[in-house]
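Overview (structure and organization)
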Amino acid sequence: MSDTYEEPGILYLRFRKVGGGLPDSAGYAGLLALLGAFTPVVEAAPPDGVLADVRGALRYFGRDAAGLAAVIRVRALALHGVDCAIGAAENPMLARMAARRAAPGTTCVVPGGEGAAFLAAEPAVALDGVGAATARTLCGYGLDSVGRIAAAPLATLQRITGVRTGRELWERARGIDRTKVVPNAAARSVAAERSFPRDELDPERQRRALMSLAEELGARMRGDGQVCRALAVSVRYADRTGYSTLTRSRTLREPTAHSADLTGLAYRIHDSFGLQRARVRGIGLRAEGLTDRERAAHQLSFDPVDERARRIEAVADRLRAKFGPQAVMPGRLAA
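Every chain is numbered on its own, with residues counted from 1 as its sequence reads. Only residues with pLDDT of 70 or above have their local features reported here, since the model is predicted, and side-chain atom pairs are shown and tallied only from 80 upward, although totals for entire chains, interfaces and linings are computed over all residues. Only hydrogens and water are removed before side-chain values are computed, so all heavy atoms of the structure are retained for them.

**Observations regarding the overall build of the chain**
What counts here: The secondary structure listing takes helices from DSSP runs of H or I that are at least 4 residues long and strands from runs of E that are at least 2 residues long, numbered from the N terminus. Each residue gets one of three labels from its accessible area relative to the maximum for its type: buried under 20%, exposed over 50%, partly exposed in between, using a 1.4 Å probe on protein chains only. Pairs of residues are marked as contacts when any of their non-hydrogen atoms sit within 4.5 Å. Accessibility throughout is a Shrake-Rupley quantity obtained with a 1.4 Å probe, and a residue counts as covered only by protein chains that appear here.
Helix and strand counts for the chain come out as 13 helices and ten strands. The buried share of the chain, reckoned over its 335 residues, is 46%. Taking the intrachain contacts of the chain between residues at least 6 apart in sequence as the baseline, contacts between residues at least 24 apart amount to 66%. Total accessible area on the chain is roughly 17400 Å²; 53% of this is exposed by carbon and sulfur atoms.

This is the structure:
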């Protein structure tokens, strides 16, 4: 009896405006609406990406994944002036990794059942969930490529990285991803990004960009009466193959929109990448798990310094609302 494989039905799209740059928030919302005309199963991955489960649309439009991707690309270009690099595969992880290989204006398709072969030559750090520290550990055991991770016994991976992480690595290296596209995810996250005009080596400038992003997201959430439960930091940096992106998320101690708490966690995530000498081109920050402030539990603080900082922050928000977002900013950003 022969194996049967699911045909590619998940798309990951990366958006870039013609002439360069990311779409603004209104443009991004328009692109999500465009995808909604093809499928209701659309998951936002701001500021420049989106996942879409188009398996039903393939049957309806009578096209394969590459054909439907071409139709979406033409509409995005004509209606929004945005080009797309698209990955198509049988699950979200493979679609995201295929999109990384796709140049603007092209689609990279991973045929059904060929996920392991597609991933085999990738370095260990390219695999979803593998950061720089885990990659160094794996490389110390000779597991420096996804193919070698896939060939390693499950028990070996679990001894190296732990039971749960080992199984996840073992499955992902074989192209297995059990996650689903979650529709309407845009309301649960908010993101912003800073690009440097050239590859940035100065860690202090990178940290200033992170502080600026945390201030922006904090102010936006407070203005909307929301708090977030987690933060994700993305760093795009130069390597031997061009540019790569690392993303890592962590949960906050409690749901918050307090800029100081967001900045502190963003710094810790950034430090965990271990990219002290990396040539960084861009940094993104995403606040995840958004919820209404009134519905979130808040641990009472008896720290007078913290309480004073929150009162100052509230005054600054009122001044920004009246005079604009640049009216008040931390001294470190004003310098």
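**Details of the packing of helix 1 (residues 25-36) against helix 3 (residues 65-80)**
The criterion, for reference: The axes used here are C-alpha line fits, helices contributing only the stretch in contact, and every angle between their N-to-C directions lies in the interval 0 to 180 degrees. Crossing chirality is assigned from the near helix's rotation relative to the far helix, an anticlockwise turn below a right angle marking it left-handed and a clockwise turn marking it right-handed. Under this grouping Gly is polar, as are all residues other than the nonpolar Ala, Val, Leu, Ile, Met, Phe, Trp, Tyr, Cys and Pro and the charged Asp, Glu, Lys and Arg.
Interaxial distance between helix 1 and helix 3 falls to 11 Å at its minimum, and their mutual angle equals 145 degrees. Of the two elements, helix 1 crosses helix 3, and the hand of that crossing is right-handed. Contacts between helix 1 and helix 3 involve Gly-27, Gly-30, Leu-31, Leu-34 and Leu-35 from the first element and Ile-72, Arg-75, Ala-76, Leu-79 and His-80 from the second. A class-by-class count of the residues in the contact of helix 1 with helix 3 yields six nonpolar, three polar and one charged.

**Focus on the sheet that holds strand 3 (residues 49-53)**
Operational definition: Think of it this way: DSSP has to see at least two bridges between two strands before they count as a pair.
One open sheet accounts for five strands, arranged 2-3-1-4-5; its pairing is mixed. Strands with a single pairing partner mark the edges of an open sheet, and in this sheet they are strand 2 (42-45) and strand 5 (107-109). The mean inter-strand angle of the sheet, taken between neighbouring strand axes irrespective of direction, is 15 degrees. Examined bridge by bridge, strand 1 (residues 10-17) and strand 3 share five bridges and lie antiparallel to one another. Following the sheet pairing, Tyr-12 is matched in strand 3 by Leu-51. Across the face of the sheet, helix 3 comes into contact with strand 1, strand 4 (82-89) and strand 5 while running at roughly 165 degrees to strand 4.

**Some words on the environment of Val-54**
Assignment of secondary structure puts Val-54 in the loop between strand 3 and helix 2 (55-61). Exposure remark for Val-54: the relative accessible area of 0% places this residue in the buried category. With near-sequence residues (within four places) excluded, Val-54 lies in contact with Gly-9, Leu-11, Thr-39 and Leu-68.

**With respect to the side chain of Gln-206**
As for its position among the elements, Gln-206 is in helix 10 (residues 203-223). For Gln-206, a relative accessible area of 1% gives the class buried. Excluding residues within four positions of it along the chain, Gln-206 makes contact with Phe-196, Glu-200, Leu-201, His-270, Ala-278, Val-280 and Ile-283.

**Topic: helix 8 (residues 154-161)**
Selection rule: Relevant arc is that of directions from the helix axis to the C-beta atoms, nothing else.
Listing the buried residues of helix 8 in full gives Leu-154, Leu-157, Gln-158 and Ile-160. Looking down the long axis of helix 8, one finds its buried residues gathered within 165 degrees of arc, a one-sided arrangement.

**Some details on the pairing of strand 7 (residues 226-239)**
Of all 14 residues making up strand 7, eleven are buried, and the element is well covered by its neighbours. Where strand 7 lies against strand 10 (residues 291-292), two bridges are found, and the strand directions are antiparallel. Each bridged residue has a counterpart across the sheet, and for Val-227 the counterpart in strand 10 is Thr-291. In this structure, the hairpin formed by strand 7 and strand 8 (residues 242-256) is closed by a connection of two residues. Note that strand 7 and strand 9 (residues 280-288) share eight bridges and pair antiparallel. When the sheet's bridge partners are listed, Arg-236 is paired in strand 9 with Gly-282.

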